[in-house]
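These are the residues of each chain, in order.
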Amino acid sequence: MFYFDPLYFLILGPAILLAMWAQMRVHSAYAQGMQEPSRYTGAEIARMILDRDGLYDLPIEETPGHLSDHYDPQARVVRLSSGVYHSRSLAAVGIAAHEVGHALQHAHHYGPLALRSIAAPAAMWGPGAGMVLLVIGFIMRAPALLALGIVSFSAVAVFQLVNLPVEFDASNRAKRLLTDMGVVDDHGSRVVRSVLNAAAWTYVAATLQSILQVLYYVIHIMGAQSRRDD
């Protein structure tokens, strides 16, 4: 079951190419956006948006890494990479506003965010459990185990599908807030939109890749079962 299979690259090839293109676009948009000046640092704009919504007690922390920015719903903290935390650039304020968008989702009980939190553990453990079930089911010729393995492996695809509206909504909130607060003008709005839209494509690529990977296993197993029945 584990060997070089051209079918894998035939099916997942589009998603892999899309992911590579998305990553290049993110790095390009980020690098350009970091050259566009802003009156505020990423940390300052994050604090302004949180305070505007009454979330005075929600902390903003600096975290190591490049583009490691995220909102932690368990700890209820916005974490910004050093480059975003300290930078007075349009890329920094756009990314910071996006992460704060997740905090606002949490504060206002945004439904898809709650679903993503529920799906996260399954997405973490599902692929490992699914692979074990697929191997055992393939060796034992047990269709029920193979089906269960596919379902377990599909947890990542489900998580990614739920994650898409969460990420898109956070970006839309960021764009709207930065404009409403007068942080960006028309030019700044276009720069922020370029950075956040580029990041959105990485989520689309990850979703497509997880779906196509499940499809690959389904086709692979159905083909193996068909050959055995002949």
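A brief report on the enclosed structure follows. This one's a predicted model, so the numbers in the text were calculated from it and none came from an experiment.

### Considering the environment of Ala120
Alright, step 1. Its location among the elements puts Ala120 in helix H5 (residues 111-140).
Alright, step 2. Among the residues examined, Ala120 registers a relative accessible area of 28% and is labelled partly exposed.
Alright, step 3. As for Ala120 and Gln160, which are separated by 40 residues in sequence, their C-alpha atoms are 9.5 Å apart.

### As for a nonpolar patch on the surface
Alright, step 1. On the surface, Val132, Ile136, Ile139 and Met140 cluster together to form a nonpolar patch covering roughly 410 Å² of accessible area.
Alright, step 2. For Val132, the location among the structural elements is in helix H5.

### Things to note about unusual backbone geometry
Alright, step 1. Its identity is not glycine, yet Leu67 carries a phi of approximately 55°, on the positive side.
Alright, step 2. Mapping Leu67 onto the fold places it in the loop between strand E1 (60-63) and strand E2 (70-72).
Alright, step 3. Note on Leu67: relative accessible area 30%, which makes it partly exposed.
Alright, step 4. The residue Arg76 is not glycine, and still its phi comes out positive at about 55°.
Alright, step 5. Positionally, Arg76 belongs in the loop between E2 and strand E3 (77-81).
Alright, step 6. In this structure Arg76 comes out as partly exposed when scored by relative accessible area, which is 32%.

### Details of the packing of helix H4 (residues 90-107) against helix H7 (residues 155-180)
Alright, step 1. Remark: H4 packs on H7, axes separated minimally by 8 Å, with the N-to-C direction vectors making an angle of 115°. Handedness of the H4/H7 crossing: right-handed. Of the residues in H7, those touching H4 at Val93, Gly94, Ala97, His98, Gly101, His102, Leu104 and Gln105 are Val166, Glu167, Asp169, Ala170, Ser171, Arg173, Ala174, Leu177 and Leu178.
Alright, step 2. Of the residues that constitute the contact of H4 with H7, the class distribution is 8 nonpolar, 6 polar and 3 charged.

### Some details on the environment of Gln23
Alright, step 1. With respect to the helices and strands, Gln23 occurs in helix H1 (residues 6-34).
Alright, step 2. In this structure the C-alpha to C-alpha distance between Gln23 and Ala199, which are 176 residues apart in sequence, comes to 8.0 Å.

### Regarding the nonpolar core
One broad rule of soluble globular proteins: the nonpolar side chains tend to lie buried together.
Alright, step 1. With 34 residues, the main nonpolar core has Leu50 and Val78 as its most contacted residues.
Alright, step 2. Mapped by element, the contributors of at least two residues to this core are H1, helix H2 (42-52), E3, H4, H7 and helix H8 (186-229).
Alright, step 3. By residue number, the principal contributor to this core is H4, which donates 10 residues.
Alright, step 4. In this structure, Ile11, Leu134, Phe138 and Ile221 belong to the second largest nonpolar core, which totals 14 residues.

### What to know about the packing of H5 against helix H6 (residues 143-153)
Alright, step 1. Two numbers describe how H5 lies on H6: the axes approach to 7 Å, and their chain directions differ by 160°. For the element pair H5 / H6, the angle class is roughly antiparallel. With respect to the hand of their crossing, H5 and H6 are arranged in left-handed fashion. In contact with Gly126, Pro127, Ala129, Gly130, Met131, Leu133, Leu134, Ile136, Gly137, Phe138 and Met140 of H5, H6 contributes Leu145, Leu146, Leu148, Gly149, Ile150, Ser152 and Phe153.

### Description of the pattern of salt bridges
Alright, step 1. All told, the structure shown has 6 salt bridges when counted by the stated rule.
Alright, step 2. A salt bridge links Glu44 to Arg88; the shortest N-O distance between them is 3.3 Å. Here Glu44 is found in helix H2, whereas its partner Arg88 is found in the loop between helix H3 (82-86) and H4, with 44 residues between them in sequence.
Alright, step 3. The salt bridge involving Glu167 is made with Arg116; its shortest N-O contact spans 3.1 Å. Taken together, the residues span a long stretch of sequence, with Glu167 in helix H7 and Arg116 in helix H5 at a distance of 51 residues. No difference in accessibility class separates Glu167 from Arg116, as the two residues are buried.
Alright, step 4. Through salt bridges with shared partners, a single ionic network connects Glu61, Asp72 and Arg79.

### Side note on the environment of Arg79
Alright, step 1. On the secondary structure map, Arg79 appears in strand E3.
Alright, step 2. Using a relative accessible area of 19% as the deciding quantity, one classes Arg79 as buried.
Alright, step 3. Considered as a pair, Arg79 and Gly54 are 25 residues apart in the sequence and their alpha carbons are 18 Å apart.
Alright, step 4. Filtering out sequence-adjacent residues up to four positions away, Arg79 remains in contact with Glu61, Thr63, Ser68, Asp69, His70 and Asp72.

Conventions used here
- Residues numbered from 1 in each chain as written.
- Predicted model: local features only at pLDDT ≥ 70, side-chain atom pairs only at ≥ 80, totals over all residues.
- Heavy atoms only, no water.
- Helix = DSSP H or I, 4+ residues; strand = E, 2+ residues; numbered from the N terminus.
- Buried < 20%, exposed > 50% of the residue type's maximum accessible area, 1.4 Å probe, protein only.
- Patch = residues over 30% accessible without salt bridge, like charges linked within 9 Å, V, L, I, M, F, W, Y side chains within 5 Å.
- Areas by Shrake-Rupley, 256 points an atom, 1.4 Å probe, with all protein chains shown as cover.
- Salt bridge = Lys/Arg side-chain N within 4 Å of Asp/Glu carboxyl O.
- Axes fitted to C-alpha atoms, helices over the stretch in contact; angles between N-to-C directions.
- Left-handed = near helix turned anticlockwise from the far one by under 90°.
- Contact = heavy atoms within 4.5 Å.
- Nonpolar A, V, L, I, M, F, W, Y, C, P; charged D, E, K, R; others polar.
- Core = buried A, V, L, I, M, F, W, Y, C linked by side-chain atoms within 4.5 Å.
- Parallel < 35°, antiparallel > 145°, perpendicular 65-115°, else oblique.

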